Amino acid sequence: MVKKIAVLTSGGDAPGMNACVRAVIRACLAHKIEPYVIYDGYKGLLEKRIVKVDKKFTQDIINRGGTVILTARLPEFKNVELQKRAIEILKEMGIDGLIGIGGDGTYRGLLGLSKLGFPVIGIPGTIDNDIASTDKTIGFDTALNTICECIDKLKDTSSSHQRCSVVEVMGRHCGDLAIFSGIAEAAELTITFDHRVPDSVIFEKLKTMHDKEKSHAIVIVSENLLDVNEFAKEIEENTGFETRAEVLGRLQRGGTPTAEDRILASRFGAAAVELLANDISGRVVGIKKNAIVDIPINQALEMERDIHKPLIHLIDLLA
Ligand code: ADP
Ligand code: F6P
């Protein structure tokens, strides 16, 4: 049975990561395992920024956004020699289990450590919801609600000016934030990698709206798909609709985690410790149909992501 577990957060921060760190620490204490935190992800691990923590560390963090144990991106962690060094450092401190909270990049780092024989568990934490092995990732719900709050505000001004607003939302290459916010905000158009809309259809729809209803319009676009400022100009030229572009950016990553994210994070954290306490490792936890599941990391990384066809259909149906 493991005696000392360390937890790190890695990649982009996500609201709810603190709730997860809290759950890991408290579950360790409940299992009589010594909890450690690693500051700054894999970078901090290699810099030995590892600290033993107690229950006090977990006070008043469940409701805080960001990650109190900091995060970092260290692309060099692909290097097996660095992974071996990380394991040496963990072993020097007597740590015999590692929990990593992050996205698929973080999972790849954990997989490397696992292949070298070190016990690890991964927890999905990213606003992007781009992990195939889970229905939801920590942070997605909060980011989605932040987007909705921002678009509600935008609607006040765009309706007053009878403008079209093109709103770029995050997700890296995953359209979930766009698709879910598109439905929740009743956007006139939602454009993602999995739901592209021809320019002719976009222009036709907005021109008709503008000519007939003189209303306002919201167009939600996934990041990395097109230049929203250029796109706004094209809309204006082709439809006559006065158009402005908004990039919501990192605002989407901040803020108080929703209750849903706190609960999800707490369930994931406790489940991850439970696995290591039972000498099960090399896996990632997730949620499927509201049940906590776990599968091997390599299998999780190979799975195809759900592109939410019924939701995409709903967007078209209700548009
Ligand atoms: P996320 O975990 O949210 O996908 P990143 O893609 O930035 O975020 O990955 C987080 C970190 O995981 C990277 O900065 C790097 O340290 C590590 N990582 C990413 N890819 C690999 C890989 N192929 N092998 C080992 N470590 C990796
Ligand atoms: O993975 C989370 C995320 O916010 C993505 O949605 C986005 O593409 C990326 O991180 C931005 O990262 P950074 O803040 O390092 O530019």
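Up top is the structure these notes are about.
Residues numbered from 1 in each chain as written. Chains lettered and ligands numbered in written order. Predicted model: local features only at pLDDT ≥ 70, side-chain atom pairs only at ≥ 80, totals over all residues. Heavy atoms only, no water.

**Overview of the site of ligand 2**
Next up, step 1: With respect to spatial proximity, the complete set of residues near ligand 2 consists of Arg 73, Thr 126, Ile 127, Asp 128, Met 170, Gly 171, Arg 172, Glu 223, Arg 250 and Arg 253.
Next up, step 2: The contact in question runs from an oxygen atom of ligand 2 to an N or O atom on the side chain of Arg 250, over 2.7 Å.
Next up, step 3: In the complex, the protein chains occlude 79% of the 400 Å² of accessible area that ligand 2 would expose alone.
Next up, step 4: Because more than half of its atoms lie within 2 Å of the grid, ligand 2 is assigned to the largest pocket.
Next up, step 5: Of the residues in the shell around ligand 2, the class split is two nonpolar, two polar and six charged. (Near = heavy atom within 4 Å. Polar contact = N/O pair within 3.5 Å; in protein donor to acceptor, adjacent residues only side chain to side chain. Areas by Shrake-Rupley, 256 points an atom, 1.4 Å probe, with all protein chains shown as cover. 1 Å grid on protein atoms, 1.4 Å probe; cavity = no way out; pocket = protein on both sides within 12 Å on 5 of 7 lines; lining within 4 Å. Sits in = over half its atoms within 2 Å of the grid points. Nonpolar A, V, L, I, M, F, W, Y, C, P; charged D, E, K, R; others polar.)

**Here's the deal with the nonpolar core**
Next up, step 1: Counting residues in hydrophobic clusters, the biggest one holds 53 residues, and the most contacted among them are Ile 99, Ile 123 and Leu 177.
Next up, step 2: With sequence-adjacent residues up to four places away left out, Ile 99 is seen in contact with Ile 5, Ala 6, Val 7, Leu 8, Val 24, Ile 121, Ile 123, Ala 272, Val 273 and Leu 276.
Next up, step 3: If you look at the next biggest cluster of nonpolar residues, it comprises 25 residues, including Tyr 36, Phe 77, Ile 87 and Phe 118. (Core = buried A, V, L, I, M, F, W, Y, C linked by side-chain atoms within 4.5 Å. Buried < 20%, exposed > 50% of the residue type's maximum accessible area, 1.4 Å probe, protein only. Contact = heavy atoms within 4.5 Å.)

**Let's talk about the sheet that holds strand β4 (residues 97-102)**
Next up, step 1: What the seven strands build is an open sheet, ordered β3-β2-β1-β4-β5-β10-β11; its pairing is mixed. Edge positions in the open sheet fall to β3 (50-52) and β11 (291-296), since each of these has one partner strand only. This sheet shows a mean twist of 25 degrees between the axes of neighbouring strands, independent of strand direction.
Next up, step 2: This element, helix α4 (residues 104-115), spans β4, β5 (120-124) and β10 (283-288) of the sheet and lies at about 170 degrees to β5. (Pairing = 2+ DSSP bridges. Helix = DSSP H or I, 4+ residues; strand = E, 2+ residues; numbered from the N terminus. Axes fitted to C-alpha atoms, helices over the stretch in contact; angles between N-to-C directions.)

**What about the site of ligand 1?**
Next up, step 1: Around ligand 1 sit 16 residues in total, of which Arg 73, Leu 74, Gly 103, Gly 105 and Thr 106 are the nearest.
Next up, step 2: Here Arg 73 contributes a side-chain N or O atom positioned 2.6 Å from an oxygen atom of ligand 1.
Next up, step 3: Interatomic distance of 2.6 Å between a backbone N/O atom of Leu 74 and an oxygen atom of ligand 1.
Next up, step 4: If ligand 1 stood free it would expose 540 Å²; the protein chains cover 86% of that surface.
Next up, step 5: Its atoms largely coinciding with the cavity grid, ligand 1 occupies the largest pocket.
Next up, step 6: A per-element tally of the shell around ligand 1 places α4 first, with five residues.
Next up, step 7: Grouping the amino acids of the shell around ligand 1 by side-chain chemistry returns three nonpolar, eight polar and five charged.

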